[in-house]
Amino acid sequence: MADIDFVITWVDMNDPSWKKSFAKYSGKIDNTKNEVSEARFRDYGLLKYWFRGVEKFAPWVRNIHFVTCGQQPDWLNINHPKLKMVNHENFIPNEFLPVFNSNVIEIYLYKIPDLANQFVYFNDDVFIIRDTPETRFFKNNLPNDIAAFRTNYGLSQFEKMLKNNIRLINKHFNKDEVFERDYDKWLNPSYGKKAKLTRLLRNYDKFVTLRTPHNAQPYLKKTFEDIWSKCGNELKDMSTHRFRSNNDYTPELFRTWQICNSDFNPYNTYQDTKMFPLLIKSAKAIKAVREQSYSLVCLNDNVHIRNYNKVLGELKASFDSILPDKSDFEL
């Protein structure tokens, strides 16, 4: 098995320098706008459990690339041999900085210095909560993923961006050719009901949006290099979007491209990964962490969470029940 790195992005919206920079370009946090909502930037104090989970449940990782705009938590041991502190300026062209758009940050991840050819990208709300081997993410040096269609009505900003992705995919891939080559990968039995729409659209001549599991996503660095070589103009244009825009592309572009290139193993990621919107499923999230019901959980923030401090307190208690000890990543 080749080396595998983890990449995680993080921001501390309470940092005075970040606030000053944010105010210069945006004015203020506005919870009525998705692109400048508090939930997009706030840290809810669970990051140390991310590191504890990696140390205990995925000790095989080669390096962790911790990506920020130059920030670091005061408890973080930056001298840990596996920890690589990465500033935006280390891999994003200076002309696009500062940037508050995670989509722009993500399209440049492959330029992180000394990044392994195989890496797993984490948002800071995705946690490993039980033993997770390398083969959960990669087998035979290819990422594990689910190739299945989903509905997309283009109503939310995220859905609009997914439509942008799929327009590029259809420009560069022929669906009939991909399905002829990889029929067994697209209609793999492991997907179960998740493949229903794929079967229904088998004879439709265009790709539609693929399912988008909120997950720790495995990537090949060569996928990014390939897309940049073919879609560099589009990605450079998007790089000027300092904040999220309906005209953005998202990391799902790279994931979908990888799948269409046949650079993946069929794997139903939903079988051991679960996304919990804390707005409506906080109790289930707290229970899932405590009982280690999945390999990975996504704890999705929202500014309208009721009893926010109570929910966070109970989540921390659940994490403490499975990860009570400090990791070597903590001072």
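Residues numbered from 1 in each chain as written. Predicted model: local features only at pLDDT ≥ 70, side-chain atom pairs only at ≥ 80, totals over all residues. Heavy atoms only, no water.

A.B. asks: Please clarify how the sheet that holds strand 11 (residues 296–300) should be interpreted in this entry.
C.D. replies: The strands that make up a sheet pair up through hydrogen bonds in the backbone, lying either parallel or antiparallel. On the basis of which strands lie adjacent, the open sheet formed by three strands has the order 5-11-10 and mixed pairing. Taken across any chain shown, the strands that pair with only one partner, and hence form the sheet edges, are strand 5 (126–128) and strand 10 (273–277). Here the average twist between neighbouring strands, direction ignored, is 20°. Examined bridge by bridge, strand 5 and strand 11 share three bridges and lie antiparallel to one another. Its bridge partner lying in strand 11, Val126 is registered against Cys298. Sitting on the sheet, helix 9 (residues 278–291) is in contact with strand 10 and strand 11, with an inclination near 135° to strand 10. (Pairing = 2+ DSSP bridges. Helix = DSSP H or I, 4+ residues; strand = E, 2+ residues; numbered from the N terminus. Axes fitted to C-alpha atoms, helices over the stretch in contact; angles between N-to-C directions. Contact = heavy atoms within 4.5 Å.)

A.B. asks: I keep staring at the packing of helix 2 (residues 47–57) against helix 10 (residues 308–322) and nothing clicks. Help me out?
C.D. replies: The relative placement of two packed helices comes down to the angle between their axes together with the axis-to-axis distance. It is at 11 Å that the axes of helix 2 and helix 10 come closest, and there the two elements cross at 20°. When the interaxial angle is binned, helix 2 and helix 10 end up roughly parallel. When the axes of helix 2 and helix 10 are compared, the crossing they make is left-handed. Counted together, Tyr49, Arg52, Lys56 and Phe57 of helix 2 and Lys316, Phe319, Asp320 and Ile322 of helix 10 form the full contact between these two elements. (Parallel < 35°, antiparallel > 145°, perpendicular 65-115°, else oblique. Left-handed = near helix turned anticlockwise from the far one by under 90°.)

A.B. asks: Looking at this model, I keep getting lost on the sheet that holds strand 9 (residues 265–266). Mind explaining?
C.D. replies: Strand order in the open sheet made by the three strands is 6-7-9, with mixed pairing throughout. Of all the strands in the sheet, the pair left with one neighbour each is strand 6 (138–139) and strand 9.

A.B. asks: Explain the pairing of strand 10 here, please?
C.D. replies: Every other side chain in a regular strand lies on the same face of the sheet, so the side chains alternate between the two faces. In the sheet, strand 10 pairs with strand 11 via five bridges, with the strands oriented parallel. Across the sheet, Thr273 pairs through a bridge with Leu296, a residue of strand 11.

A.B. asks: Can you help me understand the side chain of His88 in this one?
C.D. replies: By the secondary structure assignment, His88 is in the loop between strand 3 (83–87) and helix 3 (102–107). Since its relative accessible area comes to 9%, His88 is described here as buried. Among all residues touching His88, those that are not within four sequence positions of it are Val67, Thr68, Cys69, Leu97, Val99 and Ile105. (Buried < 20%, exposed > 50% of the residue type's maximum accessible area, 1.4 Å probe, protein only.)

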